[in-house]
Amino acid sequence: MLGYNIDIYALSIMIAIGGILLGLGYAFDDINLKKYGKKELLESLVNGIIIGTLVLAFGQGGIIYNVMESTVTSVSPDLNCGAMSNNYAICFAYNFLINPAYISIMGKSYPSLIDDSLGLLIPISAIYTVLGIIASMSFSLGVISITLHSVMAPLLSVGRDIIEILTFANISIYTQAALLKVISLVSLPLLMPIGIILRSFYFTRRLGGSIIALTLGLFAVLPMMYLLNAVIISDYSTASASSIATQSLGTATNFESSIFSDVMANSAAGKGAISFYSSLANFIKEMNQFFESIVNALALLIIEIVFLPILSIIMTIISTRELARILGTEISFGKFDIF
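Residues numbered from 1 in each chain as written. Predicted model: local features only at pLDDT ≥ 70, side-chain atom pairs only at ≥ 80, totals over all residues. Heavy atoms only, no water.

Peer 1: Would you mind going over the overall build of the protein with me for this structure?
Peer 2: From N to C terminus, the protein includes nine helices and four strands. Tracing the protein from N to C terminus, the helices and strands come up as α-α-α-α-β-β-α-β-β-α-α-α-α. Looking at the protein residue by residue over its 339 residues, the buried ones come to 43%. Nonlocal contacts in the protein, meaning residues at least 24 apart in sequence, comprise 70% of its contacts between residues at least 6 apart. (Helix = DSSP H or I, 4+ residues; strand = E, 2+ residues; numbered from the N terminus. Buried < 20%, exposed > 50% of the residue type's maximum accessible area, 1.4 Å probe, protein only. Contact = heavy atoms within 4.5 Å.)

Peer 1: Where do I start with the nonpolar core in this structure?
Peer 2: Most often, soluble globular proteins have nonpolar side chains that are buried together. Membership of the largest hydrophobic core comes to 78 residues, with the highest contact counts inside it found for L131 and M152. The element that contributes the greatest number of residues to this core is helix α6 (residues 149–200), accounting for 14 residues. Once residues lying within four places of it in the same chain are set aside, the contact partners of M152 are L131, I134, A135, F255, L280 and F283. (Core = buried A, V, L, I, M, F, W, Y, C linked by side-chain atoms within 4.5 Å.)

Peer 1: Help me out: how do you make sense of the pattern of salt bridges in this one?
Peer 2: It is possible for side chains of opposite charge to pair when their charged atoms get near one another. Applying the stated criterion across every chain, the model contains three salt bridges. Across the salt bridge formed by K34 and D29, the nearest N and O atoms sit 3.3 Å from each other. E43 is paired through a salt bridge with R199; the nearest N and O atoms lie 3.4 Å apart. Of the two residues, E43 is situated in helix α2 (residues 31–58) and R199 in helix α6; the sequence distance between them amounts to 156 residues. Residue E43 shares its accessibility class with R199, and that shared class is buried. (Salt bridge = Lys/Arg side-chain N within 4 Å of Asp/Glu carboxyl O.)

Peer 1: How do you make sense of the environment of D30 when you look at a structure like this?
Peer 2: In this structure, D30 sits in the loop between α1 (2–28) and α2. By relative accessible area, which is 30% here, D30 ends up partly exposed. Within polar-contact distance, the side chain of D30 engages the backbone nitrogen of L33 at 3.3 Å. (Polar contact = N/O pair within 3.5 Å; in protein donor to acceptor, adjacent residues only side chain to side chain.)

Peer 1: In this structure, what is going on with the packing of aromatic side chains? I would like to understand it.
Peer 2: Counted by the stated rule, this structure contains three aromatic pairs. With 6.2 Å between their ring centres and 75 degrees between their planes, Y65 and Y88 make a pair best called edge-to-face. One end of the pair, Y65, is in helix α3 (residues 63–75); the other, Y88, is in helix α4 (residues 88–98), and 23 residues separate them in sequence. A single burial state applies to Y65 and to Y88, both of which are buried. Taken together, a centroid distance of 6.0 Å and an interplanar angle of 5 degrees make the contact between F92 and F96 stacked. Residue F92 and its partner F96 are both found in helix α4; the two are separated by four residues, about one turn of the helix. Across the pair, exposure class does not vary: F92 and F96 are buried alike. (Phe/Tyr/Trp six-rings, centres within 6.5 Å; stacked < 30°, edge-to-face > 60°.)

Peer 1: Would you mind showing me how to read the packing of α2 against α6 here?
Peer 2: The description of two packed helices rests on the angle between their axes and on the distance between the axes. Contact geometry for α2 and α6: axes closest at 10 Å, N-to-C directions at 165 degrees. As far as their axial angle goes, α6 and α2 are roughly antiparallel. Viewed along their axes, α2 and α6 form a crossing whose handedness is right-handed. Side by side, α2 and α6 meet where E43, V46, N47, I50, I51, L54 and F58 of the first sit next to L188, M192, I196, R199 and S200 of the second. Here the contact of α2 with α6 is built from residues that sort into eight nonpolar, two polar and two charged. (Axes fitted to C-alpha atoms, helices over the stretch in contact; angles between N-to-C directions. Parallel < 35°, antiparallel > 145°, perpendicular 65-115°, else oblique. Left-handed = near helix turned anticlockwise from the far one by under 90°. Nonpolar A, V, L, I, M, F, W, Y, C, P; charged D, E, K, R; others polar.)

Peer 1: Is there a simple way to think about the side chain of N87 in this case?
Peer 2: Counting through the fold element by element, N87 comes out in the loop between α3 and α4. A polar contact is formed between the side chain of N87 and the backbone oxygen of F219, at a distance of 2.7 Å. With sequence-adjacent residues up to four places away left out, N87 is seen in contact with M68, F219 and P223.

Peer 1: Looking at this structure, I do not really get the confidence of the model for the protein. What am I missing?
Peer 2: Should pLDDT be low for a region, the predicted coordinates there are not to be read in detail. For the protein, mean pLDDT is 80; residues scoring 70 or higher make up 86% of the total. The secondary-structure element of the protein with the lowest mean pLDDT is strand β3 (residues 138–141), recorded at 63, while α4 shows the highest, at 90. (pLDDT = per-residue confidence, 0-100.)

Peer 1: Is there a simple way to think about the environment of T147 in this case?
Peer 2: Summarising the element assignment, T147 is placed in strand β4 (residues 144–147). Separated by eleven residues in the primary sequence, T147 and S136 place their C-alpha atoms 7.9 Å from one another.

Peer 1: I would appreciate a short explanation of the side chain of S117 in the present structure.
Peer 2: Topologically, S117 is positioned in helix α5 (residues 113–135). Take S117: its relative accessible area is 0%, and that puts it in the buried class. Contact partners of S117, with chain neighbours within four places excluded, come to L166, A169, N170, I173 and L301.

Peer 1: Even after reading the chapter, I still don't get a nonpolar patch on the surface, so can you show me in this structure?
Peer 2: On the surface, I303, F307, L311 and M315 cluster together to form a nonpolar patch covering roughly 340 Å² of accessible area. With respect to the helices and strands, the residue F307 is situated in helix α9 (residues 273–326). (Patch = residues over 30% accessible without salt bridge, like charges linked within 9 Å, V, L, I, M, F, W, Y side chains within 5 Å. Areas by Shrake-Rupley, 256 points an atom, 1.4 Å probe, with all protein chains shown as cover.)

Written out as structure tokens, the structure reads:
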């Protein structure tokens, strides 16, 4: 590609400069010129080794490419990567996040994280709407006046909190997927050649090494951590939570309809108060049990969407720092530099 061709030109220029300086050092018997020329030739040799290693390791059919492909396909053999076939780990992580179809993990089919999240958000939003309609009702059964807002207020509060968390979860999933897609598009074609070019020159050598280390961390370590996360949580799935939410939506809708059909029909005659209170108590009990099961499913979803990705980022930062040291530079993250 163009970037790597430029790297070769830059490497050739630095070899020429190093050779010229070394020749001048011998011609004028200048020790400093000799040392500097030898140093630049050595650095150019290292850069040449880096370019060759990167091509052999990360190119199509390279060592690292084959390792990532075999590892990912052993976990998810039915993966279809298409445009992301240059990195099977990123392809898996992207599909694990927002694939509209089920993905295979260790021989079992699981919904993507966005399916889990949306599978909860849509019915819970509908349930919240139904509860809001019920809470807005106020009527009388004979001499008894009934206002449902105070009864439904705790359920509405829990439902609102769950909707906010799921909305944040959806945004987080799409953000992570977009980040992985950008990494797939720019890491090897753009960032890596820039890092090699900058490392070829004396004044930008440390910056170039840092960019190379960062590219390797984003391209290899981060997506492989997503693969590890998927294997860790493969024994757990919130797929049943969406079906529970759908069933509870039917329960809430039926209860709303019963208020209009049965209770309101008998209110003029002063009948149905006892049966209504019994139905209301049973409904609130079912809703409490439903929200309890959803909170348990939501806790696992938050671990998958927030906690494990943060752990992946931490491991990527540690790996990037170690790679930078191997390349002769240091990467600091300021006040976040705790490793």
